[in-house]
Amino acid sequence: MEQGILPQLIELFSTEHLLQASMAILLAWLLLHAIRFSLDKLAARFPRYRLQIGQSFPVARILVWSIVTAYIVFGILNPPEEVMFAVLGSIGLAVGLGAQDGIRNLLAGVMMIFNPPYRIGDMIEMAGHYGEVVRIDLSVTWLHTFDDSTIMIPNAEILKQAVVNSNSGELAEMVVVRIDLPATAQVADIKALALDAARCSPYVYLKKPVVVMVESRHDYRHLLRFSIKAYVLDVRLERRMASDITERFYEALQGQSLLTQLPESSTQSAASI
Amino acid sequence: MGNYFEAINRLPAQLHSWAQTRWARWTGDKEAVAEATYWSLKDLQGSLAASTQPTSTAIQQAFDDAALTARDPRFIGRETALETLVLALSEWREGRACMVSIQGPQGVGISSLLAQVTTLIHDHEVLISERFCQRLRNTTDVLDLFARTLGLSETPASVPELIEILQQTEPRIILLDDAHLLAFRVMGTRTAVRTFGSILVASQPRHLWILGFRRHAWRRLNYLYQAERYFTHTIELDYFSADELKAVISQRFEHARIEIDWSDQHWSRLHQYSRGKPDLAFHYSRLLASENPAEDDRPEVLRPIDLSFLKSLDMEDLFSLAELAVHGSLHCAEHQQIFHETPDGSLMRLEHLCNRGLVERFIPICGETTPRYRITPILSGQIAEHLYKVNYLY
């Protein structure tokens, strides 16, 4: 039987078939580029819906490649059953032995497309990295961080670990600005200032609530932590908003002479999602 | 049926023109685009300047952008809003506490509607009409505003004193226009707005307050103070529908004794390009009415405005436009406070927007001498639409 398969295989991969298959692959590649270009243009035109638009590309890619693969196998090559099973078996064995990680990442990518833990445009934190998902390939996910670095994370790794998704498909995202003040701070006045500072920042999404939480903590001495929780208009403005609120808050503290009443170097702040 | 055939016959030419325009816009041949099918902002502003020349007094008077006074026959198309006002007045007369808000986009006719309240009141009823001239920054500003509104010789010393005065004054219908000035995104102004609101609510059983807001400011006041819950009646004005616009424009021509004979296509394009926004529709109408039919080679008046360059504005420009849309107008110093900018930075930003034709400088009517900046009125609808699309307005 094996002796019969080889000539059949040679016959299947004739120059004509190879040319047709290459043409189909080329067309699929061009089509995918056209889809990506159109979606990018559409997202730029309607930034409000850019997350929904962005998430349609991975699905489109899977669909296009599935159709092209099916067309090449059944429409161009059209191999006899025994050849197909033999080739599939051989490929399976070779891939299973030699490219375990690649296949694992690929399968993880496929699983993520149909059951996504995040979408393009989401802000995620994983493996110590925090950034915007800019691209989901079949085997890897690309993050863009606020330091303007691009990080590539294998999809299999993502499925193994906990992923923190800050906005889950929405443009607005909660940002927490934490400010520590000495325990002697006047809570009511400072809380009112913090609320005002957040509501006056042009980057805050006022459709959602702004709250300030106060908690006691100890860091060499007793402190009061003011956590300003507000939603940012667009995830990309997250850092800008945190900085703006902190700036406004400190200026107001100084303006109302509240900061001067506090011991020097007694304040510290941190922003997080 | 004939209309359908006509529309089908026009389709290939329209498709061709659409494709040609798209291609020109794609290749960046803006001049060709503007000349053929779009108003460039420069030409539009030129036409605006020309339209203020006293070429035809009748046309100028017919399409005056100023708010209409009470009983002006040109005030039509707001029947539902008037019905709500009548309902609020009758409920108030029965002794129920009422407060009315009128809100809508800039230039939709809020002031004109407020002016019509005069026609709805009884002879013995007292009506006061006042407008916000400045933003409320503290309690003193609030007390000054009420003292001015009530015609008090001295400003009350405190809020309880003012409320007492309001309780003792005979019942009045009080109109307050330009209430969008309440929305001010600067630290420390929250107390003033809350004080203003509490005075309205406290005097609500005795007086009928009717306030006019611009839409984006109203929305922001709702997000920040849940303003809507304190108003018993909310009137939402919108741009005119095609039929309403036709009636409004025809009425204006009729009032000026100018005869027009526009085809259905003309009316439909007027509505399409103005989106039913009165001031823009009036501008098109002014241009159409002043057009000399002998000059065949001139580009058509009824064409949309090319605002494709809005896409090239940077984030700070768009945020500035968004805050201008919400605040109605801003001083340079107010812009500076909102954006934490330097004085030079704010001035440069606003002047840049002025140079692009998106914003205009004006001196307010309330006696201020410092110029304010506002979105060019006839473009406000399209700019707001773009800002919403790009997620700077919500």
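Residues numbered from 1 in each chain as written. Chains lettered and ligands numbered in written order. Predicted model: local features only at pLDDT ≥ 70, side-chain atom pairs only at ≥ 80, totals over all residues. Heavy atoms only, no water.

A. Structural view of the overall build of chain A. From N to C terminus, chain A includes nine helices and nine strands. Taking 273 residues into account, the globule formula puts the C-alpha radius of gyration at 19 Å, and chain A, at 27 Å, lies well above it. Summarising its shape, the C-alpha atoms of chain A cover approximately 90 × 40 × 25 Å along the three principal directions. Taken over 273 residues, chain A has a buried fraction of 42%. Counting only contacts in chain A whose residues sit at least 6 apart along the sequence, the fraction spanning at least 24 positions is 67%. When the 23 basic and 27 acidic side-chain charges of chain A are each reduced to a single mean position, those positions are 8 Å apart. (Helix = DSSP H or I, 4+ residues; strand = E, 2+ residues; numbered from the N terminus. Rg over C-alpha atoms; globule rule 2.2 N^0.38 Å. Buried < 20%, exposed > 50% of the residue type's maximum accessible area, 1.4 Å probe, protein only. Contact = heavy atoms within 4.5 Å. Lys, Arg positive; Asp, Glu negative; His and termini not counted. Charge placed at Lys NZ, Arg CZ, Asp CG, Glu CD.)

B. Geometry of a negative patch on the surface. Residue and element names in this part refer to chain B. On the surface, Glu 79, Glu 83, Asp 243 and Glu 244 cluster together into a negatively charged patch. Looking at the negative patch, the elements with two or more residues in it are helix 5 (79-93) and helix 11 (242-255). As for its placement among the helices and strands, Glu 79 is situated in helix 5. (Patch = residues over 30% accessible without salt bridge, like charges linked within 9 Å, V, L, I, M, F, W, Y side chains within 5 Å. Areas by Shrake-Rupley, 256 points an atom, 1.4 Å probe, with all protein chains shown as cover. Salt bridge = Lys/Arg side-chain N within 4 Å of Asp/Glu carboxyl O.)

C. Just the interface of chain A and chain B, in detail. On the chain B side, the residues contacting the 27 residues of chain A number 25 residues. Counting the surface lost from both chain A and chain B, the interface buries some 2,500 Å², and carbon and sulfur atoms represent 58% of this. Summed over the shared surface of chain A and chain B, the number is one salt bridge. Between Arg 240 of chain A and Glu 316 of chain B there is a salt bridge, and its shortest N-O distance comes to 2.8 Å. At the surface where chain A touches chain B, the tally comes to 15 residue pairs in polar contact (both at pLDDT 80 or more). Those elements that provide at least two residues to the side of chain A that touches chain B are helix 2 (15-45), helix 8 (187-200) and helix 9 (238-255) of chain A. Taken together, the residues that form the side of chain A that touches chain B break down as 15 nonpolar, one polar and eleven charged. (Buried area = accessible area lost by both parts, 1.4 Å probe. Polar contact = N/O pair within 3.5 Å; in protein donor to acceptor, adjacent residues only side chain to side chain. Nonpolar A, V, L, I, M, F, W, Y, C, P; charged D, E, K, R; others polar.)

D. The arrangement of the sheet that holds strand 4 (residues 208-214) of chain B in detail. Residues and elements named next belong to chain B. Pairing within the open sheet is parallel, and its five strands lie in the order 2-3-4-1-5. Here the strands that pair on one side only, and so sit at the sheet edges, are strand 2 (126-131) and strand 5 (233-236). Each neighbouring strand pair of the sheet contributes to a mean axis angle of 15°, computed without reference to strand direction. Across six bridges, the pairing between strand 2 and strand 3 (residues 172-177) is parallel. Note that in strand 3 the partner of Leu 127 across the bridge is Ile 173. Each of strand 1 (99-104), strand 3, strand 4 and strand 5 is contacted by helix 5, which is oriented at about 165° to strand 5, the strand it contacts most. (Pairing = 2+ DSSP bridges. Axes fitted to C-alpha atoms, helices over the stretch in contact; angles between N-to-C directions.)

E. Representation of the sheet that holds strand 1 (residues 123-126) of chain A within the structure. All names here are of chain A. Ordered in space as 4-3-2-1-5, the five strands form an open sheet in which the pairing is antiparallel. Two strands bound the open sheet, and with one partner strand each, they are strand 4 (150-154) and strand 5 (164-165). Looking at chain direction, strand 2 (residues 129-136) and strand 3 (residues 140-144) are connected through four bridges and run antiparallel. By the bridge assignment for strand 3, Glu 132 is matched with His 144.

F. Representation of the packing of helix 9 (residues 190-203) of chain B against helix 10 (residues 215-225) of chain B. Residue and element names in this part refer to chain B. Where helix 9 meets helix 10, the axes come as close as 12 Å, and the angle between the chain directions of the two elements is 95°. The angle between the axes of helix 9 and helix 10 places the two elements in the roughly perpendicular class. On the side of helix 9, the interface is formed by Arg 190, Val 193 and Arg 194, while helix 10 contributes Leu 221, Leu 224 and Tyr 225. Within the contact of helix 9 with helix 10, the residues separate by chemical class into four nonpolar, no polar and two charged. (Parallel < 35°, antiparallel > 145°, perpendicular 65-115°, else oblique.)

G. Broad picture of helix 7 (residues 139-150) of chain B. All names here are of chain B. With twelve residues, helix 7 extends 17 Å between its outermost C-alpha atoms, agreeing within 8% with the 16 Å of an ideal straight helix rising 1.5 Å per residue. Those residues of helix 7 that sit buried are Asp 141, Val 142, Leu 143, Leu 145, Phe 146, Ala 147, Thr 149 and Leu 150. On the buried face of helix 7, the contacting elements are strand 2, helix 8 (159-168), strand 3, helix 9 and strand 4. Where helix 7 begins, one side-chain oxygen reaches toward the backbone nitrogen of Thr 140, 3.3 Å away; that side chain belongs to Asn 138. Just downstream of helix 7 lies Gly 151, where phi reads positive at about 70°. (Expected span 1.5 Å × (residues − 1).)

H. Representation of a nonpolar patch on the surface. The grouping of Met 23, Leu 26, Leu 27, Trp 29 and Leu 30 of chain A at the surface amounts to a nonpolar patch, some 510 Å² of accessible area in total. Relative to the helices and strands, Met 23 of chain A is located in helix 2.

I. Focus on the environment of Ser 216 of chain A. Residues and elements named next belong to chain A. With respect to the element layout, Ser 216 can be found in strand 7 (residues 211-218). Ser 216 gets classed as exposed once you look at its relative accessible area, which sits at 58%. Residues Ser 216 and Ala 183 lie 33 residues apart in sequence; the distance between their C-alpha atoms is 7.6 Å. Not counting chain neighbours up to four residues away, the residues in contact with Ser 216 comprise Leu 223 and Leu 224.

J. View of the domain arrangement of chain B. Residue and element names in this part refer to chain B. Entries for chain B in the domain assignment read domain 1 (79-236) and domain 2 (308-389). With centres defined by C-alpha atoms, the gap from domain 1 to domain 2 works out at 26 Å. Contacts between domain 1 and domain 2 engage 16 residues on the former and 17 residues on the latter. Here domain 1 packs against domain 2, burying approximately 1,300 Å² in sum over the two surfaces, 51% of which is carbon and sulfur. Our count for the contact surface shared by domain 1 and domain 2 stands at three salt bridges. For Arg 220, the salt bridge is made with Glu 323, and the minimal N-O distance between the two is 2.8 Å. Between the two partners, domain 1 and domain 2, sit nine residue pairs in polar contact (both at pLDDT 80 or more). The leading source of residues in the side of domain 1 that touches domain 2 is helix 10, at three residues. (Domains from an automatic or database assignment.)

K. Local environment of the nonpolar core. Phe 249 of chain A together with Phe 196, Ile 249 and Leu 358 of chain B are the most contacted members of the largest nonpolar core, which has 124 residues in total. Those residues within four positions of Leu 358 of chain B in sequence are excluded, and the remaining contacts are Leu 41, Leu 307, Phe 309, Leu 310, Leu 313, Leu 321, Leu 353, Arg 374, Ile 375, Thr 376, Leu 379 and Ile 383 of chain B. Judged by nonpolar contacts, the second largest core, of 22 residues, contains Ala 88, Ile 110, Leu 114 and Leu 175 of chain B. (Core = buried A, V, L, I, M, F, W, Y, C linked by side-chain atoms within 4.5 Å.)

L. Layout of the packing of helix 10 of chain B against helix 14 (residues 315-327) of chain B. All names here are of chain B. Across the interface, helix 10 lies against helix 14 with an axial gap of 6 Å and an inter-helix angle of 90°. When the axes of helix 10 and helix 14 are compared, the pair comes out roughly perpendicular. Here helix 10 contributes His 216, Ala 217 and Arg 220 to the contact with helix 14, which in turn contributes Glu 323, Ala 325, Val 326 and His 327. Class assignment of the residues belonging to the contact of helix 10 with helix 14 gives a composition of three nonpolar, two polar and two charged.

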